[in-house]
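Spelled out from the first residue to the last, the chains are:
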Amino acid sequence: MAGLGAKLFTAFSKLTAAQVNGYLMDQSIMRFASSAVRDAAFGGVGEPTLAEGMTCYLDDTNVLQSYNGSAWVTVINTDRPAGLELIASQTVGSAVSSVTFSNAFNSNYDDYRIIYTNGTASSTCDIRLQLGSANSSYYGFLIYGNYGATTVSGVNTNAGTLFPHCGGGDSNYCIMALDVFSPYLARGTTITTVTNLSGVNFGMFAGRQATSTQFTAFTISPSSGTLTGGTITIYGYRKPN
Amino acid sequence: MTKPNIQIDDVVREMTEDEYAQLIASGWTPESDE
């Protein structure tokens, strides 16, 4: 039978077999030696019937699986848990010239990936990144080219007020996808990105904010005009155990 | 003069004078020159 959800049992109330099965048995994480042992435990005479949402752990492969209504699907392999973990996301509002993500970095992770997609810009622009409220000691270099030419150009950032070349956008798109290393540690913060910059330009930017400030927030802003819509998502790289 | 909007987490509002001054100081321009 399918799991019944949640129920608050009170003292001296009657506990039926259906309630034990529906609230406890079918909603617990069942443990089996293998998938074969598990499959043999369902559907026979006197055995429970498979139902969507049932979850089990298999000893031989060390995986957690859930039944989706037609098949058992691995949710996580406990030998190899996910390395990139979703922390939070933020929808960008309409016609904003900067967006601050307040609680982005903490001690749970050393390194992060930040992605901004599916928005638009009011004019052709680069997308810039500021760490916390720091407005100095940004260093870096951009290597880029225009899709209509074969020449490579470079732009340096020397004691800048932010990282100036982290992404780009125009009336059709916005993109920023970068890695941030050690923002919450008391050491310099480094970033790397490969991206579509302002409209027609494509390149790579690496930079370092050369103070030992521990940052919890970041702000993105276009080099000109405003951003509208899209989502900023931040992930953390899981630390080794 | 109307100043640009700032978003802090899920709150969008018009920038204060100080916030707008910081934005200008960062090199931001109202329109692209490309």
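Everything quoted here is computed from the prediction, not taken from an experiment.

It is worth spelling out the interface of chain A and chain B at this point. Listed per partner, the contact involves 23 residues of chain A and 18 residues of chain B. When chain A packs against chain B, close to 1,500 Å² is buried across both sides, 40% of that on carbon and sulfur atoms. Between the two partners, chain A and chain B, sit zero salt bridges. For the side of chain A that touches chain B, the secondary structure elements donating two or more residues are β5 (84-91) and β6 (96-101) of chain A. When the residues that make up the side of chain A that touches chain B are grouped by side-chain class, the tally is seven nonpolar, 15 polar and one charged. Across four bridges, β6(A) lies against strand β1 (residues 5-8) of chain B in parallel orientation. In the sheet register, A:Val96 faces β1(B), and the bridge partner there is B:Asn5.

On to the nonpolar core. Residues and elements named next belong to chain A. The biggest cluster of nonpolar side chains holds 33 residues, and the ones touching the most others in it are Phe105, Ile114, Tyr116, Leu129, Phe218, Ile220 and Ile232. For this core, the elements supplying multiple residues, two or more each, are β6, β7 (111-117), β9 (125-131), β10 (138-146), β12 (163-170), β13 (173-181), β16 (218-222) and β18 (231-237). Among residues more than four places away in sequence, those in contact with Ile232 are Ala88, Ser89, Gln90, Val92, Val99, Phe101, Ile114, Ile115, Tyr116, Phe218 and Ile220. Counting ten residues, the second-largest nonpolar core is a separate cluster that includes Met30, Ala51, Val63 and Tyr67.

Burial in helix α1 (residues 17-25) of chain B covers these residues: B:Glu19, B:Tyr20 and B:Leu23. Buried residues of α1(B), seen end-on, are gathered within an arc of 100 degrees and therefore sit on one face of the element. Set apart from the buried face of α1(B) by more than 90 degrees, the exposed residues are B:Glu17, B:Asp18, B:Gln22 and B:Ala25. Looking at the buried residues of α1(B), the elements they touch are β6 and β9 of chain A together with β1 and β2 (11-14) of chain B. Directly after α1(B), the chain includes B:Gly27, whose backbone phi takes a positive value near 100 degrees.

As a further point, take the pattern of salt bridges. Residues and elements named next belong to chain A. Applying the stated criterion to the full structure yields seven salt bridges over all chains. Two residues, Asp59 and Arg31, come together in a salt bridge whose shortest N-O distance is 3.0 Å. Of this pair, Asp59 sits in the loop between β2 (55-58) and β3 (63-67) while Arg31 sits in strand β1 (residues 29-32), placing them 28 residues apart in sequence. A relative accessible area of 29% means that Asp59 is categorised as partly exposed.

What follows covers the packing of aromatic side chains. Residues and elements named next belong to chain A. Counting across every chain of the model gives eleven aromatic pairs over all chains. Their ring planes at 90 degrees and their centres at 4.8 Å tell us that Tyr138 and Phe163 sit as a pair that is edge-to-face. With Tyr138 in strand β10 and Phe163 in strand β12, the pair connects residues that are 25 residues apart, well separated along the chain. This pair shows no difference in class: Tyr138 is buried, exactly as Phe163 is.

Residue and element names in this part refer to chain A. Reading across the sheet, the four strands line up as β1-β2-β3-β4 and stay open at both edges, with mixed pairing between neighbours. Each edge of the sheet is formed by a strand with only one pairing partner; in this case those strands are β1 and β4 (72-77). Ignoring strand direction, the axes of neighbouring strands in this sheet form an average angle of 30 degrees. Pairing between β2 and β3: four bridges, direction antiparallel. Across the sheet, Cys56 pairs through a bridge with Gln65, a residue of β3.

Residue and element names in this part refer to chain B. Of the strand pairs in this sheet, β1 and β2 are connected by four bridges, and their pairing is antiparallel. Paired with Ile8 across the strands is Val11, a residue of β2. Turn length for the β1-β2 hairpin, with the two strands adjacent in sequence and antiparallel, is two residues, and the turn residue Asp9 shows positive phi of about 55 degrees.

About the criteria used
- Per chain, the residues get numbers from 1 upward, laid out in the order the sequence is written.
- Written order decides the labels, with chains lettered from A and ligands numbered from 1.
- Only residues with pLDDT of 70 or above have their local features reported here, since the model is predicted, and side-chain atom pairs are shown and tallied only from 80 upward, although totals for entire chains, interfaces and linings are computed over all residues.
- Hydrogens and water molecules were not included; the side-chain quantities draw on all heavy atoms of the structure.
- We call two residues contacting when some pair of their heavy atoms lies within 4.5 Å.
- By buried area we mean the combined loss of accessible area, with a 1.4 Å probe, across both parts when two parts are placed together.
- Throughout this description, the term salt bridge denotes a Lys or Arg side-chain nitrogen within 4 Å of a carboxyl oxygen of Asp or Glu.
- The helix count covers DSSP runs of H or I at least four residues long, the strand count covers runs of E at least two residues long, and both are numbered beginning at the N terminus.
- When residues are sorted by character, Ala, Val, Leu, Ile, Met, Phe, Trp, Tyr, Cys and Pro go into the nonpolar class, Asp, Glu, Lys and Arg into the charged class, and all the rest, Gly among them, into the polar class.
- Strand pairing is assigned whenever DSSP identifies at least 2 bridges connecting the two strands.
- Residues enter a nonpolar core if they are buried and are Ala, Val, Leu, Ile, Met, Phe, Trp, Tyr or Cys, with the set joined through side-chain atoms within 4.5 Å.
- Classification of residues uses two cut-offs on accessible area relative to the type maximum, computed with a 1.4 Å probe and protein chains only: under 20% is buried, over 50% is exposed, and between them is partly exposed.
- In this description, the arc belongs to the directions extending from the helix axis to the C-beta atoms.
- The rule is short: rings of Phe, Tyr and Trp, with Trp giving its six-membered ring, pair when the centres are within 6.5 Å, and they are stacked under 30 degrees, edge-to-face over 60, tilted in between.
- An axis is simply a line fitted to the C-alpha atoms; with a helix, the fit covers only the stretch in contact. Between two such axes, the angle follows the N-to-C directions and lies from 0 to 180 degrees.

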